[in-house]
Amino acid sequence: MFRKVIGMRPFCLILFLIASLPLYAQRRVSADVTVKMIGNGNATNMTKSVYCSSDGRMISVSNTKDGRIFVLTNIQGETSIYNENRKEVAMDNRGLMLSTDELLQIFLLRRATDMGMGAYGYQLTKTTREEQYIKKVFEPKKQNSNCSRVEIVFDEFKPIYCAYFDHKGKIITKVYYSQYALQDRFMFPTRVTEITYANAKDSIVKLDLYTNIQVDQDDPMFDFQVPVDAKVIKMNGKK
Amino acid sequence: MKKLILAFVVIMACSFSMNAANYTINDESIDNLFAEATMVEAPAAAASAATAAAVSESNNKTIVALVLDTVGLGYFGVHRMILGSTNLMWLWYTLTGGGIFGIVPLIDWVMLLIDVVNNQNSYIGNTNFIMWT
């Protein structure tokens, strides 16, 4: 009997570690995001606040001249867009917008190891080391994909660079993840620079700046629900 | 206009290193890029922002589409729905990973920006997946 108990010690230890994991897992993360885009010498700025929960729920709030706009969505793509001033809500369940399309949600759900490429139908085909970097190459499972391969480079397990290649081997888009911040054991890149090469000479730049990252804070916004008396409007505009 | 559009956003790619071995970027050069660019105020239609997706008959669908594309809904073709494309256009954008991994909506955004600046509505009712070809 004693030997049996001793023999179970490793098993118990593993069980304890697994059971302890949720204690260290973040459940709610929020941040303010400034989205900058530049094209043809012109640039625009948009700001929003993003609230992500580990159950896959995401709420985005934009302060506009017309009041606050709420976008609620989840992993299944059930989306509601609510205009606070007009008290109108548009709903869609076709998966137009998934919560996992938000970088904050990818990191919260710990999917940064492939940056969600698996969900896009890509599989890991090669892993190499270049100096201090680890480079992972993902290729599409289907031949008719738009990109021939995707490379993600990690520095100390943190994704710092992502490149999408066309079928001629040229880079279409490069994404740089930088200025990582550690907030309550939640590591996140606060600056994401995306460069898309429209052709050999031209490019488009998109810059996402994350500020005020809050982890596991009791912000009532996480539990926001569209008021039941909101006027429902279909996405095609018919009331 | 087409040629102008094709010549858009010469972001001085040379300012970024094209060396594949370089996995970092000079943040200062990017900041300078935005500092030197002409800031375009988010259109007044931004007031309705994402809720604009629910607007059936807008007097300025192009502005609304531009705003939607800016806030990220362009990845799912919502801006094309506003412009009056085919019913399944959103599906094409979604299936191609957000319009060929976001490239199409990015270029759409520039096209719409130019359209707004020139007070045109060139892309309303366009049913092509790539509306600017």
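Bear in mind that the values here come from a model prediction, so they are computed numbers and not experimental data.

### Regarding the overall build of chain A
- Helix and strand content of chain A: 3 helices and 14 strands.
- With 239 residues in all, chain A has 35% of them scored as buried.
- Within chain A, residue pairs in contact and separated by at least 24 positions form 38% of the contacts whose partners lie at least 6 positions apart.

### Describing the overall build of chain B
- Along its length, chain B carries 6 helices and 1 strand.
- Overall, chain B shows an N-to-C arrangement of helices and strands of α-α-β-α-α-α-α.
- Residues counted as buried form 51% of the 133 residues belonging to chain B.
- Residue pairs at least 24 apart in sequence account for 43% of intrachain contacts in chain B once pairs closer than 6 positions are excluded.

### Looking at the pairing of strand β12 (residues 186-197) of chain A
Residue and element names in this part refer to chain A.
- Both strand β11 (residues 171-183) and β12 contribute to a ladder of 10 bridges, which runs antiparallel. Considered in β12, the bridge of Val175 is made with Glu194.
- The hairpin turn running from β11 into β12, its antiparallel successor, is 2 residues long, and Asp184 in that turn takes a positive phi close to 50°.
- The sheet contact formed by β12 and strand β13 (residues 203-215) spans 7 bridges and is antiparallel. Its bridge partner being in β13, Glu194 is matched across the sheet by Lys206.

### Quick look at the environment of Lys135 of chain A
Residues and elements named next belong to chain A.
- Within the fold, Lys135 resides in strand β8 (residues 133-140).
- On the basis of neighbour count, Lys135 is assigned to the partly exposed category, with 17 C-beta atoms found within 10 Å.
- Remark: the alpha-carbon pair of Lys135 and Phe154, spanning 19 residues in sequence, is separated by 6.2 Å.
- When residues no more than four places from it in sequence are discounted, the contact partners of Lys135 are Thr128, Glu130, Glu151 and Val153.

### Thoughts on the nonpolar core
- Of all hydrophobic cores here, the largest spans 86 residues; its most connected members are Leu104 and Val150 of chain A.
- Broken down by element, this core gets its largest block of residues, 12 residues, from helix α6 (residues 99-117) of chain B.
- If near-sequence neighbours (up to four positions away) are discounted, Val150 of chain A is found in contact with Met117, Tyr122, Phe138, Cys162 and Tyr164 of chain A.

### So, the environment of Val67 of chain B
- Along the polypeptide, Val67 of chain B turns up in helix α3 (residues 61-70).
- Considered as a pair, Val67 of chain B and Leu112 of chain B are 45 residues apart in the sequence and their alpha carbons are 9.5 Å apart.

### Concerning unusual backbone geometry
Residue and element names in this part refer to chain A.
- The residue Lys87 is not glycine, and still its phi comes out positive at about 55°.
- Within the element layout of this structure, Lys87 appears in the loop between β5 (79-83) and β6 (88-92).
- Residue class for Lys87 comes out partly exposed when judged on the 13 C-beta atoms lying within 10 Å of it.
- With a phi close to 55°, Asp216 is a non-glycine residue in the positive phi region.
- As for its position among the elements, Asp216 is in the loop between β13 and β14 (231-234).
- A tally of 17 C-beta atoms within 10 Å means that Asp216 is categorised as partly exposed.

### Section: the environment of Asn83 of chain A
Residue and element names in this part refer to chain A.
- Within the secondary structure layout, Asn83 lies in strand β5.
- Judged by the 25 C-beta atoms lying within 10 Å of it, Asn83 falls in the buried class.
- In sequence terms Asn83 and Phe70 are 13 residues apart; their C-alpha atoms lie 6.5 Å from each other.

### Regarding the confidence of the model for chain B
Residues and elements named next belong to chain B.
- Across chain B, pLDDT averages 66, with 63% of residues at or above 70.
- Across chain B, the element-wise mean pLDDT spans from 42 in helix α1 (residues 2-6) up to 87 in helix α2 (residues 27-36).
- Every residue in residues 1-20 scores below 50 in pLDDT, and together they form 29 contacts with partners more than four places removed in sequence or on other chains.
- pLDDT under 50 marks residues 43-59. Its contacts with residues more than four places away, or in other chains, come to 60 contacts.
- The complex prediction reports pTM at 0.66, with the ipTM value standing at 0.73.

About the thresholds
Along each chain, numbering runs from 1 in the same order as the chain's sequence is written. All chains are assigned letters beginning with A, and all ligands numbers beginning with 1, in the order in which they are written. Confidence filtering applies because this is a predicted model: local features only for residues at pLDDT of at least 70, side-chain atom pairs given and counted only at 80 or more, and all residues used for totals across whole chains, interfaces and linings. Secondary structure is summarised from DSSP: a helix means a run of H or I of at least four residues, a strand means a run of E of at least two, and numbering begins at the N terminus for each. Counting other C-beta atoms within 10 Å of a residue's own tells you its class, since 20 or more makes it buried, 12 or fewer makes it exposed, and anything in between is partly exposed; those C-beta atoms are placed from the backbone. Remark: residues whose backbone-derived C-beta atoms lie within 7 Å of one another are considered to be in contact. At least two DSSP bridges between two strands are required for those strands to pair. Here a nonpolar core is just a set of buried residues of the types Ala, Val, Leu, Ile, Met, Phe, Trp, Tyr and Cys, joined wherever their C-beta atoms sit within 7 Å. For every residue, the predictor states its confidence as a pLDDT score lying anywhere from 0 to 100.

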